[in-house]
Amino acid sequence: MNLQYFIFDLDNTLYAKKTGMLKYIDKRIDNFMKKKLNLPLEKVTELRVEYWRKYGTTLGGMIRQHQTDPQEYIENVYSINIKDFIRPDPRLQVMLSKINCRKIIFSNSPVEYIGEVLKVLGVAEFFEKIYDIRFCNYIGKPNLASYQQVLGDLKVNPEKCLFIDDALVNVQAAQTVGMETVWLTTEPSIKQCRWWSREIYQLPEIITKLSLKQFAVADLPFSSRISIELLN
C-alpha cells in the first residue's frame, strides 16, 4: 500500500487520555455554556449531546443556535496551562521521526491550542499542516464534508491516507470517505474497525501489518523489532 499522508487526531491521540486534559476542557465547555445560557448543568449536558448530533461539535451548535462568538468560546474554553497536563514525549518524537510519510493534524480544536500542544510534546516539526475547527467552518469531525474539505485542500485521494483517531465515530466517517484507518482504543471491536491500537506507540506494528515501507524498522529499539517480527 502506497500512502502519501498520515492524518492524526490530536486530543487523546497524540497524548494519552489519562492526562485528563480533554476532560478538563470538557468541564470548561460546560461552565461556559452554563454561564452564557444561564442553564443548570443537566440541561447543558442535554444540549451538548443535541449539538454534537446535529453539528458535530458543541461550538457548531452554540454558533448556530445562540449566535455565540466563536472566538469568545475558544478563549474561554482553551485558555489553559497545557504544561499542567502533558510533557515532552521522546518516545512519540522517535516514532514520528521514523515514519517516512507526510503528517497532518486534523482536529476539532482551535489551531492556537493545537500548536501549543504539539510544541509541548516536542513534535511540532513533524507536521506540515494543521486543519482545525475554523478550517471546517466550526463543524468538524465526524461531518463527512469536513473530511472532504481536508482531502480537497491536500489534493489527495482518500485511499492514499491513513487516518488515526481515538473516537470511533470519527474513524468510521474516515472509512466512509475511503481512508484507511486506525482506531485508538482499549475496547476494540473488529466489526467496527479493521485496525486498532491501544496506544499511538503501537502504530509501527500496524504499519508493518499493512506492508508499508514508510517506517524504518531497522532503526527501532530491539524490543520493538521483536514485537513487529512476531506479527508477520
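Attention in this report is confined to the structure presented alongside it. (Residues numbered from 1 in each chain as written. Predicted model: local features only at pLDDT ≥ 70, side-chain atom pairs only at ≥ 80, totals over all residues. Heavy atoms only, no water.)

**What about the pairing of strand β2 (residues 102–106)?**
At step 1: The element β2 is extensively covered by neighbouring structure, given that 4 of its 5 residues are classed as buried.
At step 2: Two strands pair when backbone bridges link them, and strand β1 (residues 5–8) and β2 are joined in this way by 4 bridges, in the parallel orientation. The residue bridging Y5 from the neighbouring strand is R102, located in β2.
At step 3: Sheet topology note: the β2/strand β3 (residues 129–131) ladder contains 3 bridges and is parallel. Bridging across to β3, I105 finds its partner in I130. (Buried < 20%, exposed > 50% of the residue type's maximum accessible area, 1.4 Å probe, protein only. Helix = DSSP H or I, 4+ residues; strand = E, 2+ residues; numbered from the N terminus. Pairing = 2+ DSSP bridges.)

**Here's the deal with the side chain of D9**
At step 1: As for its position among the elements, D9 is in the loop between β1 and α1 (21–37).
At step 2: Polar side-chain contacts of D9 include one of 2.8 Å to the side chain of T13.
At step 3: Beyond its immediate sequence surroundings of up to four residues, D9 is in contact with L14, I105, F106, S107, K141, I164, D165 and D166. (Polar contact = N/O pair within 3.5 Å; in protein donor to acceptor, adjacent residues only side chain to side chain. Contact = heavy atoms within 4.5 Å.)

**Remarks on helix α2 (residues 41–55)**
At step 1: With 15 residues, α2 extends 20 Å between its outermost C-alpha atoms, agreeing within 8% with the 21 Å of an ideal straight helix rising 1.5 Å per residue.
At step 2: Every buried residue belonging to α2 is among V44, L47, R48, Y51 and Y55, and all of these are buried. Buried residues along α2 cover an arc of 105° about the axis, so they all sit on one side. Summarising the geometry of α2, the exposed residues directed more than 90 degrees from the buried face are E42 and R53.
At step 3: Structurally, α2 contributes buried residues whose contacts are with α1 and α3 (58–66). (Expected span 1.5 Å × (residues − 1). Arc of directions from axis to C-beta.)

**Description of the sheet that holds strand β6 (residues 196–197)**
In a beta sheet, neighbouring strands are held together by backbone hydrogen bonds and run either parallel or antiparallel to one another.
At step 1: On the basis of which strands lie adjacent, the open sheet formed by 6 strands has the order β3-β2-β1-β4-β5-β6 and parallel pairing. Both edges of this open sheet fall to β3 and β6, since each of them pairs with a single strand only.
At step 2: With 4 bridges joining them, β1 and strand β4 (residues 161–165) adopt parallel strand pairing. Looking at the pairing, F6 lines up with L162 of β4.
At step 3: Helix α7 (residues 144–154) rests against β1, β2, β3 and β4 of the sheet, and its axis sits at about 155° to β3.
At step 4: Sheet contacts for helix α8 (residues 168–176): β4 and β5 (180–184); angle to β5, the most-contacted strand, approximately 175°. (Axes fitted to C-alpha atoms, helices over the stretch in contact; angles between N-to-C directions.)

Shape descriptors only; they carry no functional weight alone.
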